[in-house]
Every structure is written in structure tokens, then in C-alpha cells.
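Notes for the structure review
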Amino acid sequence: MFGKKRNNDTHEKQIDPELITKAFAKAIADGDIVNLKFLFGPFSPARKTSPERFETEKYSYMIAVDDQENDPVFADALRMVGSPEIQKHIETELAANRPAQLPSELVLALGDNAVRLKKYTSAAQAYELLRIRARMQEQTLELADEALDVGDIKKAARGYVIATGLEYDYAAFPEPLPKTPNYQMNALILHGEYPLSPEDCLPLRETSAFLQIALGYILLNNEIAARLEKRSIETRTEFLRELVRMRDPGWDGFLARYREAIKLRHEFAERIRRANAIESGGESDLENEIDKSQGEDPVEMPRALLGRTIDNGTWWQYLKELAYTHPAAILFTTRQLIGGDEIIVPLHNDESPVAKALGLVSE
Amino acid sequence: MSEVNTGYIDFFSILGLDENARPGDVRKVYRKRMKALVSEIARAEITEQSRVRYLLDMAQLNAALLVLRESGPRDEYWNERKALIALEDKWREAVDASDDGAEMVRREYIGRLQSFLSRYCEELMLAAGQDKECVEHSHWDNAHTRHASRILRFYRNDLHQKILERLPYVEVTPPEIDFEERRRFIAGVLAEGS
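Quick notes on the rules
Residues numbered from 1 in each chain as written. Chains lettered and ligands numbered in written order. Predicted model: local features only at pLDDT ≥ 70, side-chain atom pairs only at ≥ 80, totals over all residues. Helix = DSSP H or I, 4+ residues; strand = E, 2+ residues; numbered from the N terminus. Rg over C-alpha atoms; globule rule 2.2 N^0.38 Å. Buried ≥ 20, exposed ≤ 12 C-beta atoms within 10 Å, placed from the backbone. Contact = placed C-beta atoms within 7 Å. Axes fitted to C-alpha atoms, helices over the stretch in contact; angles between N-to-C directions. Parallel < 35°, antiparallel > 145°, perpendicular 65-115°, else oblique. Left-handed = near helix turned anticlockwise from the far one by under 90°. Nonpolar A, V, L, I, M, F, W, Y, C, P; charged D, E, K, R; others polar. Core = buried A, V, L, I, M, F, W, Y, C linked by C-beta atoms within 7 Å. Expected span 1.5 Å × (residues − 1). pLDDT = per-residue confidence, 0-100. Pairing = 2+ DSSP bridges. Bend = angle between axes of the 7 residues up to and from the residue.

Let us look at the overall build of chain B. What chain B contains, in helices and strands, is eight helices and zero strands. In terms of overall dimensions, chain B is more spread out than a globule: its C-alpha atoms have a radius of gyration of 21 Å, far above the 16 Å expected for 194 residues. Dimensions along the principal axes, computed over C-alpha positions, put chain B at roughly 55 × 50 × 25 Å. The proportion of buried residues among the 194 residues of chain B is 26%. Pairs at least 24 apart in sequence give 71% of the contacts found in chain B among residues at least 6 apart.

Next comes the structure, spelled out in C-alpha cells:
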């Protein structure tokens, strides 16, 4: 017990070199810049000086499972990591007592795999390290514009999504970071001012102006969206439709709820009309009594839009959550003061080609 | 000497003066330029883009006056700038010579670079908006400050990025990029989902 030293603590840590190679290959194949940096970091299980070990449960996520070992992308990464020059570089960097210098070949392959896997923030970091991010973005946009020229909307939309995904936020604290989707905040900015007239309502703006706002919002980048300004309304509408479906695979599910909310809005407007008619001299009838007994809570509208109730939820809470779950949904809502409460209500122009293209209106 | 010192803000060149200019010259040129800028703004159609540019021009002129009109702050600024440029050169030389001390020099340089840019491209530009002489000539007010804080943060980061991009690679080995191959890669990714 006390006083006796345990000899096994003094043994040098043994690491299976194959495990190291496979862990690096997995990070490359997964397009995972965080794992790659960690593998070179001071507490990396790949370092002899670190007490961390690959064999422990917490690092199981770094080791490729059998299925992945048969994947050609992983096989390519394994070949690359296993090359004598890269192996030598990895060994040198892991043995050195200083911040490691990552091999650019691996970082480039990682970035490319990240793009294929739609892990754009990881790709942006890899390309930023290589100082090619802005040029990759520009090349992607050029190819997307070429696709748009020949009417390939899907390819163009994919290009714009990739290019905006590679955007960097140089004002991030404490260091520049990839820009991440922030629809919740942008939705609040778009609905920042209460609309005093129908023309102020975002969904009722003139089609071209609406498309400009909508594309900037969905792409999360007004400058990149401005490249589309000269395209025809038809092209921009189709482009927006494609983007919305790419960003939100659950859009069709939302449409059913949106129609329900529109139905509620019509019913509510009808009740108001009747109430006004009664107040101005009409008399109550059985229909009105039934209406009253059914309740007239306008909050049913944001509830229907969101698909759930937020306890004591205010308009902006509904708006933010709606923007998070279905980003494009907030383009077809507006703020409305009813009684003493402000809520969000569904709204679109029945004649708008955008509303038709997005399935809000049956054509 | 490093590549034309780009990125290290030069208040003398903002005013179109050389480094031996007297405080009297600084004031004279500042007033002339600010007057021209203010009248240009009054005539121009203000868009989001032009607002950013005018605000930045105004903040730079104000800061140039604040820093250069007295010898104390002027010498401190100019010496700090010269030391920073010399440190960049020292680091480059250490990297070229594979010197073991390169990492230490790099850390010192990065720290001083951040401090220099924060001070002269952000803090002093905002502080100039509170200076009586600057306010009198530029009509700078709280609304300017509110807009400028965001714009100056971007401006500072932009300069920082410009400098970092020309420095030796540290976090990764210098890459060999074939942009034709890059274009083919992107085209391939875009075609994959078609």
C-alpha cells in the first residue's frame, strides 16, 4: 500500500501506429477539422507525452468502424495519411513540443470531403487555413451563375448554398470563425418594425423587392444575393423555391399547418366582421352564440403556424422558433395587434408568383 | 522592409502629408479635407454602401487629426508602427532561417499587431468622435458613433486579414494549389446532385 511505488506508471506510453493512421484518416474522410486539430493538439491520444489513450471509450468516436473501412473515401484518406512523407510529418509534429503545423495536403482533402458532406463550417475552416476560402467561394459562385445561365436551377442553388456556407465572420470574437445560419435573429430584423399599412407588410411587397429580401435572408448574405438581382422574376422565383426546399426538407409539412393558420385567420376576420355588424345595430343570433362558445383566441394562429404552444409566448418568440424550424415561413407572416396582444399571422398575396411557386396558393 | 507596409494604418498618408509635417500643416489639411468630405456627403445620394465609405473616411480623418496634431501622441504612434513593421521583418527572417525562436517572435508580433489595430483603427477613431475639434468640423454625433462601431470593427478585421494573408504559413505547411483542379472539384460537386 503506502510507501510502495507502482512501476507500471514509469513505462513509456505505447501507441499502435495503425490506430494513429486510422484516426487521422477518419478525421479526413469525415471532413472533421475539429478532430484533425485535436489529433495534433497537446492532449491528443496520438502523442506519447499525453496521458490520453485511443483505447478508452471516450475516444471510440475517433476510430473508424468496420463499415467505414470499406468506404472508398476512407480508403483514399488512409492511403494519403499512410504515405511516407505524411507519416514522417505527423511523427515529427507529434513529437515536437510546440503547436503542430498541419500538413496542407490533409487539410485540403478534409475541406473537400467536408464540402461533399455539406459540413460547410468545417470546410470553411480548412480552406481558410490554406488561404483559399475566398477564391473557392468565388469559383463556386461563378460555376453556379453559369448553371443559372443555362437554366439549371438545382445546380445553381447548390452552388449558392455551398458558397454562402463557406462564408467567414471576421468580426467574431475572439477570432474569426465560419459564419453560421442565424435565421432567428435575421427574422427579428426583418420584422423589426410594426407594419402600419398593408404596404409595410413584408409578404405584400412588390414581387421583385420581395424576392431580393427573401433571397438575401435565405442565403444569409445580401451581397451574394445581389448577384441575382438582374435575373428575371421567373428565374429568381424558381431559384428561391429550390433554395427553400434545400434549406428546409420539412417545408411540405409546414405548408399543411400554414393552410390551417390561413383558415383560422379567415374565420377570425369573419367573427370580427360579424361583431362589428352586431355592434352597429344588428342583433345576436344563434350562429354568433355558437361562435362565442367556440372561443376566439387569436393565438391559435401562431400556434397553428408553429405546430406547438409556447407558454405565455409573445409574437417574437413564435417568430424566432418558426425561423429556426422553417426559415422561409417568416417571409409569409406579419405582426398583428389584436386587442392588447401582438401576434404573428400568416399572410401572402394570392396573386404572387412566389406564393404560388412555394405552394402557399393552389395554382 | 516588408511589402509596402500595407495594413498598418498610416495617418500621414490619409492626410496626404509626409512624416515630417508640422502640427499646423496637419490642422490645415484636415480642415480642408473634412470640409470637402462634408460637402460631398451633403450632395451625394446616400446608399448603404456609400454610408459605410463616408463614415469610414470621416473616422479616418478625425483619428488622423487626433493622433498627429500633437508631437507626443504622434511620435508614440509612429514609433509603434515602425517597431511593428520591424517585428514583421524579424519574424519573416526567423522563419526563412528556420530559427527555433521564430514561434516566440510570431507570438509577440501577433499580440502587438492586434493591439495596434485595435487602438488606431477602432478605439482612437471612436474617441475622435468625442473630440471637440473633430466634432466641430465633422459634425460627428451619437448616431455616427452607433453606426461606426460596427463598421470600424469590420475595418480593423479587414486590415488584420490583409496582413495575415501575406505572412508565412504557420498553422499549415505552405500549400500548392492548382486552381484549375479546384474548379474541376467544385464542378464535380455541383454535378453530383444533378
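Now that the structure has been shown, we can carry on.
Looking only at helices and strands, chain A has 18 helices and four strands in total. Overall, the C-alpha framework of chain A stretches about 100 × 65 × 40 Å when taken along its three principal axes. Going through the 363 residues of chain A one by one, you find that 38% of them count as buried. The long-range fraction of contacts in chain A, counting pairs at least 24 apart against all pairs at least 6 apart in sequence, stands at 64%.

Residue and element names in this part refer to chain A. One can describe the packing of helix 9 (residues 153-165) onto helix 13 (residues 233-247) by two numbers: an axis separation of 9 Å at closest approach and a directional angle of 60°. Here helix 9 is positioned oblique relative to helix 13, judged by the angle of their axes. When the axes of helix 9 and helix 13 are compared, the crossing they make is right-handed. Judged by residue contacts, Ile-153, Lys-154, Ala-156, Ala-157 and Val-161 of helix 9 engage Glu-238, Phe-239, Glu-242, Leu-243 and Met-246 from helix 13. A per-class count over the contact of helix 9 with helix 13 returns seven nonpolar, no polar and three charged.

This part is about the nonpolar core. Judged by nonpolar contacts, the single largest core of 94 residues is most densely connected at A:Phe24, A:Ile28, A:Leu110, A:Ala126, A:Ile218, A:Leu240 and A:Leu305. In contact with A:Leu240, not counting residues within four places along its chain, are A:Leu211, A:Ala214, A:Leu215, A:Ile218 and A:Val354. Listed in part, the 36 residues of the second largest apolar core include B:Met34, B:Leu55, B:Leu68 and B:Met125.

With 27 residues of chain A at the contact, the number on the chain B side is 24 residues. Elements with a minimum of two residues in the side of chain A that touches chain B: helix 6 (104-116), helix 7 (120-130), helix 8 (133-149) and helix 9 of chain A. Residues that form the side of chain A that touches chain B fall into these classes: 14 nonpolar, five polar and eight charged.

Two packed helices can be described by the angle between their axes and the distance between those axes. Residues and elements named next belong to chain B. For the pair helix 4 (residues 71-96) and helix 5 (residues 102-128), the least separation of the axes is 9 Å and the interaxial angle reads 150°. Between helix 4 and helix 5, the crossing angle belongs to the class labelled roughly antiparallel. The handedness of the crossing between helix 4 and helix 5 is left-handed. Mapping the contact onto sequence places Tyr-77, Glu-80, Leu-84, Leu-87, Glu-88, Lys-90, Trp-91, Ala-94 and Val-95 in helix 4 and Ala-102, Val-105, Arg-106, Glu-108, Tyr-109, Arg-112, Leu-113, Phe-116 and Tyr-120 in helix 5.

It is worth spelling out the environment of A:Asp169 at this point. All names here are of chain A. As for its position among the elements, Asp-169 is in strand 1 (residues 168-169). For Asp-169, a count of 15 C-beta atoms within 10 Å translates into the label partly exposed. It is 11 Å that separates the C-alpha atoms of Asp-169 and Asn-221, two residues lying 52 residues apart in sequence. Asp-169 has contacts with Pro-176, Leu-177 and Lys-179, leaving out every residue within four places of it along the chain.

Turning to helix 6 of chain A, a few remarks are in order. Residue and element names in this part refer to chain A. In this model, helix 6 (13 residues) spans 18 Å end to end at C-alpha, consistent with the 18 Å of a helix rising 1.5 Å per residue. Of all 13 residues in helix 6, 11 are buried, a share of seventy percent or more. For helix 6, the set of buried residues is Ser-104, Leu-106, Val-107, Leu-108, Ala-109, Leu-110, Gly-111, Asp-112, Asn-113, Ala-114 and Val-115. With its phi angle positive at about 65°, Lys-118 sits one or two positions after the end of helix 6.

Turning our attention to the confidence of the model for chain A. Residue and element names in this part refer to chain A. Here chain A averages 90 in pLDDT, while 91% of its residues score no lower than 70. Across chain A, the secondary-structure element scoring lowest on mean pLDDT is helix 15 (residues 286-294), at 52, and the one scoring highest is helix 6, at 98. This stretch, residues 1-7, has a pLDDT under 50; its non-local contacts, to residues over four places away or in other chains, come to zero contacts.

Below, the discussion takes up the pairing of strand 4 (residues 341-346) of chain A. Residue and element names in this part refer to chain A. Pairing geometry for strand 3 (residues 333-338) and strand 4, over six bridges, is antiparallel. Looking at strand 4, one finds that Leu-337 is bridged to Glu-342. The hairpin formed by strand 3 and strand 4 contains two residues between the paired strands, and Gly-339 there has a positive phi angle of roughly 65°.

This part takes up unusual backbone geometry. One non-glycine residue, A:Asn312, adopts positive backbone phi at about 50°. Of note, A:Asn312 is situated in the loop between helix 16 (300-306) and helix 17 (315-325). Its identity as a non-glycine residue notwithstanding, B:His139 has a phi of 60°, on the positive side. If you trace the backbone, B:His139 turns up in the loop between helix 6 (132-138) and helix 7 (142-166).

Residue and element names in this part refer to chain B. In a regular helix each residue adds 1.5 Å, so 25 residues correspond to 36 Å; helix 7 covers 37 Å between its end C-alpha atoms and thus fits that length. Along its length, helix 7 shows its largest kink, about 35°, at Ala-148. Here helix 7 has its buried residues at His-144, Ala-148, Leu-152, Tyr-155, Arg-156, Asn-157, His-160 and Ile-163. In this fold, the buried residues of helix 7 make contact with helix 3 (48-68) and helix 5.

Before going further, it helps to spend a moment on the confidence of the model for chain B. All names here are of chain B. Residues with a pLDDT of 70 or more make up 96% of chain B, whose mean pLDDT is 90. Summarising per-element confidence for chain B, the mean pLDDT is lowest in helix 7 (87) and highest in helix 8 (residues 179-192) (96). Overall fold confidence for the complex sits at a pTM of 0.82, while the interface term, ipTM, reaches 0.87.

Residue and element names in this part refer to chain A. Mapped onto the secondary structure, His-89 falls in helix 5 (residues 84-95). Overall, His-89 belongs to the partly exposed group, with 18 C-beta atoms counted inside 10 Å. Between the alpha carbons of His-89 and Gln-212 there is a distance of 49 Å; along the sequence they are 123 residues apart.

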